[in-house]
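In case you want the letters, here they are:
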Amino acid sequence: MKLLLGLVLGAVFGAALQLSGASSHTKITNALRLKDMTIMKVILTAIGVGLIGVHLLDALGLAHMKVKDLYLPGMVVAGAIFGVGFAVTGYCPGTALAAAAEGKPDAWATVFGGLLGALVFAFMFPDLETVLMALGQYGPVTIHESFGMPGVMLAVPLGALCLWLAVRLPDPGGAR
Amino acid sequence: MAVALVQPIGVSTQYVVLDGVLLHQVLPDVADQSAYLSEAAGGWTLATYEFFFVLGIPIGAFLAAWATKRFSTRLVPGEWAHRFGPIPGRRLVWSCIGGFLLLFGARFGGGCTSGHIISGVSQLAVSSLIFSAVLFVSAILTARWLYGDWGKQ
């Protein structure tokens, strides 16, 4: 039953990615070149809804919080590597799957490369763990906790700001 | 968006899980030696909520593309052809290298777009905010360089 739920929710997510244009190389690269704000709107909406939703549920004690550990140099290197891959392929690991299902052969190549990358990382992990991840290790920190305030107080205004931005950003074509 | 609220989503982890399960089929000894693979693919099974969620993504995307008649087998995206020419092999090789970087970076950072940018930032996690900020700076610089915005104006 839980498997089926996962499959259905995944399919909804995949359809949303496809329909919003997030699986399009052109849309992504134009977003990165700051020419087309469609993707930014999608991401801002997701974060805005997520911020408000997660923290409201958390205040009610219903949320599944899973904050990732902060290891500073590792995070910066990882983000930089991911960013280059993102710009070259025009996909992220999730949208590559969606684009592959649309029939785009370059997305298949991206998924294949991704499987290789994940495998190589898995076998390099014992070495990387000691070198990079040990440095600047802060554990699972969040902004609101480091200020000692409840998450809702920060998340709701920030979420509202994200949603406002998502609405205010120009539509594709309108800016040109 | 209910999706994000049920449980933080993570696509990139499932690449590791699939790797682990496949490798365990072919070379069980090698797979067992990697603590990282054993931990991600606990029990070497794909029958989990998380994997089925990721499995659902292409199904949903396929149905959406089919319903809106946007199914396409175009190999070289327009932006790419504009800069690097319409040679399919080159695009495929670079897509593969790019995919390698994507997942390597995602696993290094412990998440990808879904895990860090959407789920992580929603939780106001400092790690996710730093990852996302660096990611966008790196991606924007790379895109400007790759798709030739520099030197044109």
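Above this note sits the structure.
Summary of the structure given here. All values derive from a computational prediction rather than experimental measurement.

What follows covers the packing of helix 5 (residues 93–101) of chain A against helix 5 (residues 49–67) of chain B. Contact pair helix 5 of chain A / helix 5 of chain B: the axes reach a minimum separation of 7 Å and the direction vectors enclose 40°. The angle between helix 5 of chain A and helix 5 of chain B falls in the class oblique. Note on packing geometry: the crossing formed by helix 5 of chain A with helix 5 of chain B is right-handed. Seen from helix 5 of chain A, the contacting residues are Gly 94, Leu 97, Ala 98 and Ala 101 of chain A; seen from helix 5 of chain B, they are Val 54, Ile 57, Pro 58, Ala 61 and Phe 62 of chain B. Its residues assigned to classes, the contact of helix 5 of chain A with helix 5 of chain B comprises eight nonpolar, one polar and no charged.

What follows deals with the packing of aromatic side chains. Under the counting rule described, the total for this entry stands at 13 aromatic pairs over all chains. Aromatic pair Phe 121 of chain A and Phe 104 of chain B: ring centres 5.5 Å apart, planes at 85°, arrangement edge-to-face. Of this pair, Phe 121 of chain A sits in helix 6 (residues 105–133) while Phe 104 of chain B sits in helix 7 (residues 88–109), on two different chains. Taking the relative accessible area as the measure of exposure, Phe 104 of chain B reaches 10% and is therefore buried. Cluster of aromatic residues (ring-pair linked, three or more members): Phe 121 and Phe 125 of chain A together with Tyr 36, Phe 100, Phe 104 and Phe 108 of chain B. Sitting above the plane of the Tyr 49 of chain B ring, Lys 2 of chain A keeps its charged end 5.3 Å from the centroid. When the ring centre of Trp 80 of chain B is taken as reference, the NZ or CZ atom of Arg 91 of chain B above it lies at 4.8 Å.

Glancing now at the packing of helix 2 (residues 25–32) of chain A against helix 3 (residues 38–59) of chain A. Residues and elements named next belong to chain A. For the pair helix 2 and helix 3, the least separation of the axes is 8 Å and the interaxial angle reads 85°. Between helix 2 and helix 3, the angle is such that the two are roughly perpendicular. From helix 2, Lys 27, Ile 28 and Ala 31 reach across to helix 3, where they touch Thr 38, Ile 39 and Met 40. Its residues assigned to classes, the contact of helix 2 with helix 3 shows four nonpolar, one polar and one charged.

The next point concerns a nonpolar patch on the surface. Together, Leu 55, Ile 59, Phe 62, Leu 63, Trp 66 and Phe 71 of chain B line one region of the surface with nonpolar side chains, adding up to about 600 Å² of accessible area. By the secondary structure assignment, Ile 59 of chain B is in helix 5.

It is worth spelling out the interface of chain A and chain B at this point. Contact with chain A, which involves 99 residues of that partner, is made by 90 residues of chain B. With both sides pooled, the region where chain A packs onto chain B buries about 8500 Å², and carbon together with sulfur makes up 76% of that total. Three residues stand out in chain A for area buried against chain B, namely Arg 33, Lys 68 and Phe 82 of chain A, and they jointly supply 8% of the buried area on that side. The interface formed by chain A and chain B holds one salt bridge in total.

Position of Arg 91 of chain B among the secondary structure elements: in helix 7. Assessed through its relative accessible area of 0%, Arg 91 of chain B is described here as buried. What Arg 91 of chain B contacts, discounting residues up to four positions off in sequence, is His 25, Val 88, Thr 89, Tyr 91 and Asp 106 of chain A together with Leu 75, Val 76, Pro 77 and Trp 80 of chain B.

So, how was this worked out
Residues numbered from 1 in each chain as written. Chains lettered and ligands numbered in written order. Predicted model: local features only at pLDDT ≥ 70, side-chain atom pairs only at ≥ 80, totals over all residues. Heavy atoms only, no water. Axes fitted to C-alpha atoms, helices over the stretch in contact; angles between N-to-C directions. Helix = DSSP H or I, 4+ residues; strand = E, 2+ residues; numbered from the N terminus. Parallel < 35°, antiparallel > 145°, perpendicular 65-115°, else oblique. Left-handed = near helix turned anticlockwise from the far one by under 90°. Contact = heavy atoms within 4.5 Å. Nonpolar A, V, L, I, M, F, W, Y, C, P; charged D, E, K, R; others polar. Phe/Tyr/Trp six-rings, centres within 6.5 Å; stacked < 30°, edge-to-face > 60°. Buried < 20%, exposed > 50% of the residue type's maximum accessible area, 1.4 Å probe, protein only. Lys NZ or Arg CZ within 6 Å of the ring centre and 35° of its normal. Patch = residues over 30% accessible without salt bridge, like charges linked within 9 Å, V, L, I, M, F, W, Y side chains within 5 Å. Areas by Shrake-Rupley, 256 points an atom, 1.4 Å probe, with all protein chains shown as cover. Salt bridge = Lys/Arg side-chain N within 4 Å of Asp/Glu carboxyl O. Buried area = accessible area lost by both parts, 1.4 Å probe.

Interpretation in functional terms is not warranted from these geometric data alone.
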